[in-house]
Amino acid sequence: MPVIDPSNPIVVLTGAGISKESGLETFRDADGIWSKVRIEDVATPEAFVRDPARVHAFYNARRQGLLNANVQPNPAHVALARLERDWPGGVLIVTQNIDDLHERAGSANLIHMHGELLKSRCEECGDITECRHDLSIALKCLSCGRDGGLRPHVVWFGEMPLSMDEIEQALARAGLFMSIGTSGNVYPAAGFVEVVRHYGRGHSVELNLEPSVGATSFAETRYGPAGDVVPAYVDELLSAV
Ligand code: BJW
């Protein structure tokens, strides 16, 4: 690792791999979510129009899984919260994950670019509400009173990820870009390392179980379970502060 100036901001991109050791499934590993259900059936706006009950059942099951008491932040989430607390230049976590494990570990400067499983959104009035219960087409929106329009507050294929302007500005300023637990298959997140390279200011590192699709774009790579490699990398960063 080169010496990173502690006055420079860090941007961390996380994906499903960081939550694997907490008991949540990834998408594209051999035993992942997309080996059991088809994207076109559950993760597109067209799927929700065609069969909303099917899509609700998929997200209801994942919400119940997330709320299981055994699912807790792991040492990788905890290390990133420590980095945010102790790094002078500031840390922004951009997560593709819809779980709340970063928040539970103590991270506060956080963007959920693919939405949040524990929120619902009304397609009629846009109201976004905390949601820890099952959703169905029978429910009424508590804000506008209309029924049938509540959906999980998540970003499906073909929809615009959230807070993209803010993310792009942070990538342009970053002194270090860390990509953790993501396979690099889904854009625009898979292109963030190229954005950092384009601006030319930041070092980039991939921390993953195995090389991602875009591994060769990173200046540095380290492979192993997130619960091991992330705390070790954070220790090295903070030893220079
Ligand atoms: C570990 C580990 C351990 C395991 N420790 N590591 C061509 C055709 C059609 C569309 C497109 C196209 N080209 C590009 C597009 C756009 C499309 C896209 O990317 N498609 C690709 C499939 C080609 N993207 C979109 O549609 C996005 N919107 C968009 O582009 O809008 C237009 C736009 C224009 C201009 C600017 C900006 C935007 C929206 C994408 C929405 C993705 N939604 C999902 C599901 C919704 C949320 C949910 O249900 O959870 O988000 S898909 C799914 O993939 C989920 C994830 O966030 C996302 C990324 O997955 P992730 O996190 O990388 O997980 P995995 O499983 O792939 O990888 C896990 C990794 O961890 C692996 O590498 C493991 O090895 C590793 N690992 N154990 C460390 N213990």
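A brief report on the enclosed structure follows. As the structure is a prediction and not an experimental result, all values here were calculated from the model.

Parameters at a glance
- Residues numbered from 1 in each chain as written.
- Predicted model: local features only at pLDDT ≥ 70, side-chain atom pairs only at ≥ 80, totals over all residues.
- Heavy atoms only, no water.
- Pairing = 2+ DSSP bridges.
- Helix = DSSP H or I, 4+ residues; strand = E, 2+ residues; numbered from the N terminus.
- Axes fitted to C-alpha atoms, helices over the stretch in contact; angles between N-to-C directions.
- Core = buried A, V, L, I, M, F, W, Y, C linked by side-chain atoms within 4.5 Å.
- Buried < 20%, exposed > 50% of the residue type's maximum accessible area, 1.4 Å probe, protein only.
- Contact = heavy atoms within 4.5 Å.
- 1 Å grid on protein atoms, 1.4 Å probe; cavity = no way out; pocket = protein on both sides within 12 Å on 5 of 7 lines; lining within 4 Å.
- Points joined across faces, edges and corners; volume = space filled by probe spheres on them.
- Nonpolar A, V, L, I, M, F, W, Y, C, P; charged D, E, K, R; others polar.

### Comments concerning the sheet that holds strand E4 (residues 115–122)
Turning to step 1, where the next piece is worked out: What the 3 strands build is an open sheet, ordered E5-E4-E6; its pairing is antiparallel. In the strand order of this sheet, the two ends are held by strand E5 (128–130) and strand E6 (150–154), each with one partner. For this sheet the average axis-to-axis angle between neighbouring strands, irrespective of direction, equals 45 degrees.
Turning to step 2, where the next piece is worked out: Inspection of the sheet shows E4 paired to E6 by 5 bridges, in the antiparallel sense. Its bridge partner lying in E6, Ser120 is registered against Pro152.

### Considerations on the nonpolar core
Turning to step 1, where the next piece is worked out: One finds Ile10, Leu80, Leu83, Met178, Ile180, Val230 and Leu237 to be the most contacted residues of the largest nonpolar core, which totals 24 residues.
Turning to step 2, where the next piece is worked out: Where this core is concerned, the elements lending two or more residues are strand E1 (10–14), helix H4 (75–86), strand E2 (91–95), strand E7 (176–180), strand E8 (203–208) and helix H8 (226–239).
Turning to step 3, where the next piece is worked out: At 7 residues, the largest contribution of residues to this core is made by H8.
Turning to step 4, where the next piece is worked out: Residues in contact with Leu83, not counting those within four places in the same chain, are Ile10, Val91, Met178, Val234, Leu237 and Leu238.
Turning to step 5, where the next piece is worked out: Core analysis: the next-biggest nonpolar cluster, separate from the first, contains 19 residues, Leu24, Val42, Val71 and Ile98 among them.

### A few points about empty space enclosed by the protein
Turning to step 1, where the next piece is worked out: For the structure shown, the criterion picks out 1 cavity of 30 Å³ or more.
Turning to step 2, where the next piece is worked out: Of the volumes computed, that of the largest cavity is approximately 100 Å³.
Turning to step 3, where the next piece is worked out: As for the largest cavity, its lining consists of 14 residues, and the residues nearest its centre are Ser179, Gly184, Ala189, Ala190 and Phe218.
Turning to step 4, where the next piece is worked out: Partitioning the lining of the largest cavity into residue classes produces 7 nonpolar, 6 polar and 1 charged.

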